[in-house]
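Each chain is listed here by its residues.
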Amino acid sequence: MGADRDDAAEQGTVVTPSAEFPPLDDAERVALGRIGARWHGPRRADDLPVDPTPGRRGGRPLPTRFGRLTPIDMFTVAQPDELVATGAAHLPGNRFGRAVTRIRRTLVGPPLASSSVLYERMRKLVALPVLSSDLLSSVAYGPEAMLAVLVLAGSGALGLALPLAALLVVLMVAVGLSYRQTIPAYPHGAGSYIVAGDNLGRTPGLAAAAGLMLDYVLTVSVSVAAGVHAVTSALPGLTAWTVPLGVLVIGVLLAGNLRGVRTAGNIFVLPTYAFVVVVVAVLAVGYAKAAGRGFAPVPPPAVPAAEGLGLLLVLRAFSSGAVSMTGIEAVSNAVPAFRPTEWRNARTTLGWMVAMLVALFAGLVGLIHLDGLVPRPDETLLSQLGRVTFPSGPGYAILQATTALILLLAANTAFNDFPRLLFFMARDGHAPRRFLHMGDRLAFSNGLVALALTAAVVFVAFGGHTERLIPLYAVGVFLAFTLSQTGMVVHWRRRPGPGRRRRLAVNAVGATLSGLVLVTAAVAKFTEGAWVVVIAVPLLVLLFRRIHRHYATLHRALALHPPPPGPSGPAGPAGFAEGEELPQQVRHLVIVPVARLNRASLRALAYATSLGRPTLAVHIAPEEAEADRFREQWRAWGDHLRLETIVSPYRSVIGPLAHYLEALHSSRPELTLTVIVPEVVLRRRRHRLLHSRAEQRLRAALRTLPGVVVTSVPVHVSH
């Protein structure tokens, strides 16, 4: 697996729309050639009654149901034997579908061609605010989370904020340097998941992925909760609307990201830069005022101690402050989203992010200490700092507005990385394959919707309270940090070369510090909610392994195998219908269920007979008298086909027919039973309520039977 990834990395990004269609491996290609060599079709491949390339002869296409007034070219000829579908070919054929498409395109935008995937990447000036919004916004609540724990021991314990902040700065720099080394070593992205999986094994890789997924979900929930809290701090009248406002913001973020990476980046650039500029202004003015009084700290208000100052409380404060680092891995996960050279631009962006984080975090902790501020339940520390720094003028309002914006938009980092992580997991078979699909705007729409729904559920479940969500935060993200950096240590040990020891030492320091924070957070915050993550990670790993087991079983069932040597008779070497791979092995029995003799059933019978295969008609009658009447009508028609009548005294139709077909298949498992169902197609939807829709129920009942093919012959009713 690792070699395949390296090859993909050398060729460029592996995030392409074609990832949904993996190529055959060497063994399957050989098997395919052997099967083709023994393939005996009824006619030549090019013996077709119609030219399969519309418009190749220069004729103008006729009006269709897609364009009733004006002819529309649905396809263009790119080269021989290849058509390219135009935009018109993607439009639904009914009025309701077209209306839904217009609404979706109004919200999301027109679809982009697959060839535009390269142009949807980000340059550094756009990637910095898009990927750093989570990391930089955490300085709005990270220092407060640390001080909120320290103040439990009384205002005298707040002096420990400075040494704890210094330790956190060391941790930030160490982890940042570690990820700077990860980016060029794994330039294809998905950081912790792939690094841990390649070097430590599948289970550690899945554990890192589980930690990251929980981190991304909590990033959206915590960021939105903190942003709404910033709004309600400035406008207390909106406090009662906390939950609806948060859900609305998640919906807006989803809509913005569905428009594509580049469009979403352009939307979220200005708020991030504005927040950084305003916080820098707060620090500059605040430290200028502190310099005027000789940097003498203002005594904090007296706060009674709620619990004793001990090692456990200090560790809790440290792990709470460590949430300021969430999002530091975002760049390593999104390397393919950068413009070429991807890894070099990503590493430069990460360096800027870590430098800005250290400056803002350390500056805010120091200024809060100098101004003697303490956490309050009714107002955030950043809001208090803004009031002290800008007692008059628009400065405070601008600070709160930019803080609310970046906190609300910080979730955009998770919207960038969560779907991408699911893409890599789905590519390896550990997540549903639908997460490989790129939507109309070349974004991973299914992953975006999954993240938005999950985050909204978490946000509503916790009532939009930041302090309830933060204890769940550190465990998942530092689990991913620890496994990723440990994997890099193994990576450098396996690859001797110049600078190996220095790189190994940097990653070892990052792994050690991250592991200490992980253990501290898991133990200190276990009773506060971290137990949820401790339990959720193993459960997610088990789920991922079960998904992989399913896909492995499916691959074995569908993989191509060369036919055995020797002649293949009509029954086929496998001895049952679904083992057939050559047309000469297929033996048919066509079955037509007939409820009554009318135009629909006669058309189905005519179609079945035209196939030139043995055909059997089956009629289900509720009583003997009706069975006799139907046989009389059948003889009047001419008794052209064999008829089998089944009396169902309990008036059920679908069950007896399904069991009858199952009995036929059991007696001759090498037969392929082709069930041709007459189906009346109604033009108006409201008329469907007037019919039993037995065709759909029969199709659903027969779908699970092996060796049974169900098709329908439609008869359209025009009114």
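I will try to describe carefully the structure that is included in this document. (Residues numbered from 1 in each chain as written. Predicted model: local features only at pLDDT ≥ 70, side-chain atom pairs only at ≥ 80, totals over all residues. Heavy atoms only, no water.)

**Topic: the overall build of the chain**
- Within the chain, the regular secondary structure consists of 25 helices and seven strands.
- Counting the 719 residues in the chain, one finds 48% classified as buried.
- A separation threshold of at least 6 residues defines the contact pool for the chain, and within that pool the share at least 24 residues apart is 78%. (Helix = DSSP H or I, 4+ residues; strand = E, 2+ residues; numbered from the N terminus. Buried < 20%, exposed > 50% of the residue type's maximum accessible area, 1.4 Å probe, protein only. Contact = heavy atoms within 4.5 Å.)

**Remarks on empty space enclosed by the protein**
- In the structure shown here, the tally under the stated rule is two cavities of 30 Å³ or more.
- As a volume, the second largest cavity reaches approximately 40 Å³.
- For the second largest cavity, the full set of lining residues is V139, A140, P143, E144, L364, I368, L381 and L382.
- Those elements that provide at least two residues to the lining of the second largest cavity are α5 (142-150), α13 (342-371) and α14 (381-389).
- Looking at the lining of the second largest cavity residue by residue, the class counts come to seven nonpolar, no polar and one charged. (1 Å grid on protein atoms, 1.4 Å probe; cavity = no way out; pocket = protein on both sides within 12 Å on 5 of 7 lines; lining within 4 Å. Points joined across faces, edges and corners; volume = space filled by probe spheres on them. Nonpolar A, V, L, I, M, F, W, Y, C, P; charged D, E, K, R; others polar.)

**Details of the packing of aromatic side chains**
- According to the stated counting rule, one finds seven aromatic pairs in the structure shown.
- Relative to F418, the ring of Y216 lies with its centre 6.5 Å away and its plane at 85 degrees, an arrangement referred to as edge-to-face. Linking Y216 in helix α8 (residues 202-234) with F418 in helix α16 (residues 411-427), this pair joins segments that are 202 residues apart in sequence.
- Take F418: its relative accessible area is 5%, and that puts it in the buried class.
- Seen in terms of ring centroids, F423 and F444 are 5.0 Å apart; in terms of plane orientation they differ by 40 degrees. Their pairing is tilted. Of this pair, F423 sits in helix α16 while F444 is found in the loop between α16 and α17 (445-461), placing the two residues 21 residues apart along the sequence.
- F444 sits in the buried class, given a relative accessible area of 7%.
- Among the aromatic residues, ring-to-ring pairing joins Y179, F478 and F481 into one connected group.
- Geometry around W492 places R503 over its ring, the cationic atom sitting 5.4 Å from the centre. (Phe/Tyr/Trp six-rings, centres within 6.5 Å; stacked < 30°, edge-to-face > 60°. Lys NZ or Arg CZ within 6 Å of the ring centre and 35° of its normal.)

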